[in-house]
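# Residue-level structure breakdown
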Amino acid sequence: MRLGDDDTMKFIDAHAHMISRTTDDYEAMAASGVVAVIEPAFWLGQPRTNVGSYLDYLSTLVGFERFRASQFGIRHYCTVGLNSKEANNEELAEAVMDLIPRFALKEGVVAIGEIGYDEQTPLEDKYFRLQLDLARELDLPVMIHTPHRDKKRGTTRSMDVCIEHGLEPGKVIIDHNNEETVREVLDRGFWAAFSIYPCTKMGNARMVEILRHYGADRIIVDSACDWGISEPLAVAKTAKLALQSGVPEEHVRLACYRNALEAYGQSGQMSEEDWLNPPPIDQRTLYEGNSILRGGRPPVVEARRSARSADDLVIE
Ligand SMILES: [Zn+2]
């Protein structure tokens, strides 16, 4: 999206489960202006049966997926944590809790997350609290997944528990907000993130109305794209619709770029320097001997990085 002569709009997708997405998605995201993604640790759509699966998953987030993103000119960061669904398997949860500190201080880890409540069970509560204590000890931001059922109560409770455990609201990002939850989250000083889903839940148009009504302070727009029906271009499309709808450009920059950088940059692991002068893409590069190339496809090798444009984005 070109706004001025040399003023291409940049985006951060602060919630994207990229291991489930294709290389086409990475290419399209980069072309739309996405310079960085944050991949929160979450479940896989079915329960893991042992801690080894978790170990390999977290290793992928800080390892191969980071490399894969770089091959398309996108900086990849992640959050690590035990998700609420799998907190209900106590044996697994205990073993995962031993792993989290090992990963939390690795390069590119910008928060503990996504953690919080699903069905709001006692075990979910137990492991949520333990991970909040860990985040406080390590001085890391926290990404909170708010429940899809009983969302209002679950969101309020998540914030109450954060305060109880001594976390500063300014270091906690509450995700999956909607019109019912946003006011309280902002009033209490937390970051309010919105996952933009196609067709259902939060869509582009609803998000634009929220930006009109609340402005953009402490608001973050993300795609939460994963293995389900989701839209990896949701951030760029929302930005485009917001601009077309008369939302001030500065507000779009805050909600789709700057706020995510400020919130997760508190980890000390994410800075604008990471992508402002990026190394050229060289798809001949290997990760532990492995390439993203297949067959006879010629590698992309850039002399220098080119400017991007999202002018041709189609908003459904
Ligand atoms: Zn997620």
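Relevant structure appears above.
Described below are features of the structure shown in this document. (Residues numbered from 1 in each chain as written. Predicted model: local features only at pLDDT ≥ 70, side-chain atom pairs only at ≥ 80, totals over all residues. Heavy atoms only, no water.)

### A short note on the overall build of the chain
When helices and strands are tallied, the chain shows 11 helices and 8 strands. The globule rule puts the C-alpha radius of gyration for 316 residues at 20 Å, and the 19 Å found for the chain is close to it. Along the longest, intermediate and shortest principal axes, the C-alpha atoms of the chain span 55 × 50 × 35 Å. When each of the 316 residues of the chain is scored for burial, the buried share is 54%. Expressed as a percentage of contacts within the chain between residues at least 6 apart in sequence, the contacts between residues at least 24 apart total 74%. Put simply, the chain shows about 13300 Å² of open surface, and 49% of that area lies on carbon and sulfur atoms. Distance between charge centroids for the chain: 2 Å, based on 35 positive and 50 negative side chains. (Helix = DSSP H or I, 4+ residues; strand = E, 2+ residues; numbered from the N terminus. Rg over C-alpha atoms; globule rule 2.2 N^0.38 Å. Buried < 20%, exposed > 50% of the residue type's maximum accessible area, 1.4 Å probe, protein only. Contact = heavy atoms within 4.5 Å. Areas by Shrake-Rupley, 256 points an atom, 1.4 Å probe, with all protein chains shown as cover. Lys, Arg positive; Asp, Glu negative; His and termini not counted. Charge placed at Lys NZ, Arg CZ, Asp CG, Glu CD.)

### Here we look at the side chain of H145
Tracing the backbone through its elements, the reader meets H145 in strand 5 (residues 142-145). Look at H145 and you get buried, because its relative accessible area is 5%. Setting aside chain neighbours within four positions, we find H145 in contact with F42, S84, E114, I115, G116, Y117 and H176.

### Observations regarding the pairing of strand 3 (residues 75-80)
Summarising burial for strand 3: 5 of the 6 residues are buried, a large majority. Alignment of strand 2 (residues 34-40) against strand 3, held across 5 bridges, turns out to be parallel. Each residue of the ladder has a partner; that of A36, found in strand 3, is R75. Direction of pairing for strand 3 relative to strand 4 (residues 109-116): parallel, over a ladder of 3 bridges. Paired with T79 across the two strands is A111, which belongs to strand 4. (Pairing = 2+ DSSP bridges.)

### Focus on the environment of L134
Note on placement: L134 falls in helix 5 (residues 122-138). Taking the C-alpha atoms as reference points, L134 and I112, separated by 22 residues in sequence, lie 8.3 Å from one another. When residues no more than four places from it in sequence are discounted, the contact partners of L134 are I100, P101 and I112.

### Focus: unusual backbone geometry
Along the chain, G113 connects to E114 via a cis peptide bond; the corresponding omega equals -15°. Tracing the chain through its elements places E114 in strand 4. Phi at R218 is positive, roughly 60°, even though this residue is not glycine. Classification of R218 by relative accessible area gives partly exposed; the value is 28%. You will see that E288, though not glycine, has its phi angle at about 45°, which is positive.

### Topic: helix 4 (residues 90-104)
For helix 4, which comprises 15 residues, the first-to-last C-alpha distance of 21 Å matches the rise-based estimate of 21 Å (1.5 Å per residue) to within 8%. Roughly 25° is the biggest bend found in helix 4, and it falls at D98, with proline P101 one to four residues downstream. Regarding helix 4, the residues found buried are L92, A93, V96, M97, L99, I100, F103 and A104. Of the surrounding elements, those touching the buried residues of helix 4 are helix 2 (51-62), strand 3, strand 4 and helix 5. (Expected span 1.5 Å × (residues − 1). Bend = angle between axes of the 7 residues up to and from the residue.)

### Some words on the pattern of salt bridges
Evaluation of the coordinates by the stated rule reveals 25 salt bridges. With a closest N to O distance of 3.2 Å, E107 and R66 form a salt bridge. Of the two residues, E107 sits in the loop between helix 4 and strand 4 while R66 sits in helix 3 (residues 64-70), which places them 41 residues apart along the sequence. Residue E107 is classed as exposed on the basis of its relative accessible area, which comes to 60%. The partner of R258 in a salt bridge is E272, with the nearest N and O atoms 3.2 Å apart. Of this pair, R258 sits in helix 10 (residues 249-265) while E272 is found in the loop between helix 10 and helix 11 (273-276), placing the two residues 14 residues apart along the sequence. For R258, a relative accessible area of 34% puts it in the partly exposed group. Within the structure, one salt-bridge network assembled from shared partners comprises K85, D118, E119 and R149. (Salt bridge = Lys/Arg side-chain N within 4 Å of Asp/Glu carboxyl O.)

### Structural notes on the sheet that holds strand 3
Taken together, the 8 strands give an open sheet; going across it, the order is 1-2-3-4-5-6-7-8, and neighbouring strands pair in parallel fashion. Whereas interior strands pair on both sides, the edge strands pair on one side only; in this sheet they are strand 1 (11-13) and strand 8 (219-222). Pairs of neighbouring strands in the sheet enclose a mean axial angle of 25°, with direction left out of account. Against the sheet, helix 2 contacts strand 2, strand 3 and strand 4, and its axis sits at roughly 150° relative to strand 3. Running at roughly 135° to strand 1, helix 9 (residues 234-244) makes contact with strand 1 and strand 8 of the sheet. (Axes fitted to C-alpha atoms, helices over the stretch in contact; angles between N-to-C directions.)

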